[in-house]
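Listed below are the residues making up each chain.
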Amino acid sequence: QVQVVESGGGLVQAGGSLRLSCAASGSIVVINVMGWYRQAPGKQRELVARIIRGDSTNYADSVKGRFTISRDNAKNTVYLQMDSLKPEDTAVYYCNVVVRTTLGGTLASWGQGTQVTVSS
């Protein structure tokens, strides 16, 4: 089993910043991908940013230049620094990790989500 715990959401004014954290633990041999997704009311969940083993990163076009994803391999933790926040960034943000487990398989796990609200 793999546990994923997010923290750092909250309420911020437009133009402000927030930093999300996500820690993975459990039966992990190696973490291949760590990423952030978000889901706004009435919309589908979408990829925000992800970082792949080896530090390759992908960003949604809507957040490029404003959000930065990073990871601490020693802590099995991924961060999402969100700057210049806009009201349209308001959503529940979910952390997703893809790991190779001690049983030899690959497992994708989600966190419980953290609310980010940006007021105008």
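Everything in this summary refers to the structure shown in the same document. (Residues numbered from 1 in each chain as written. Predicted model: local features only at pLDDT ≥ 70, side-chain atom pairs only at ≥ 80, totals over all residues. Heavy atoms only, no water.)

## Notes on the packing of aromatic side chains
- All told, the structure shown has two aromatic pairs when counted by the stated rule.
- Between the aromatic rings of Tyr-37 and Trp-110, the centroid separation amounts to 5.0 Å while the plane-to-plane angle is 65°, which identifies the pairing as edge-to-face. Placement of the pair is Tyr-37 in strand β4 (residues 28-39) and Trp-110 in strand β10 (residues 106-110), with a sequence separation of 73 residues.
- On the basis of relative accessibility, which here comes to 40%, the residue Trp-110 falls in the partly exposed class.
- Centre to centre, the rings of Tyr-94 and Trp-110 are 6.5 Å apart; their planes meet at 85°, and the pair counts as edge-to-face. Pair noted here: Tyr-94 is in strand β9 (residues 91-101) and Trp-110 is in strand β10, with a separation of 16 residues, a long-range link.
- Connected via pairs of aromatic rings, a cluster forms that spans Tyr-37, Tyr-94 and Trp-110.
- Over the aromatic face of Tyr-79 sits the side chain of Arg-19, whose NZ or CZ is 4.1 Å from the ring centroid.
- When the ring centre of Tyr-94 is taken as origin, the NZ or CZ atom of Arg-45, which lies over that ring, is 3.7 Å away. (Phe/Tyr/Trp six-rings, centres within 6.5 Å; stacked < 30°, edge-to-face > 60°. Helix = DSSP H or I, 4+ residues; strand = E, 2+ residues; numbered from the N terminus. Buried < 20%, exposed > 50% of the residue type's maximum accessible area, 1.4 Å probe, protein only. Lys NZ or Arg CZ within 6 Å of the ring centre and 35° of its normal.)

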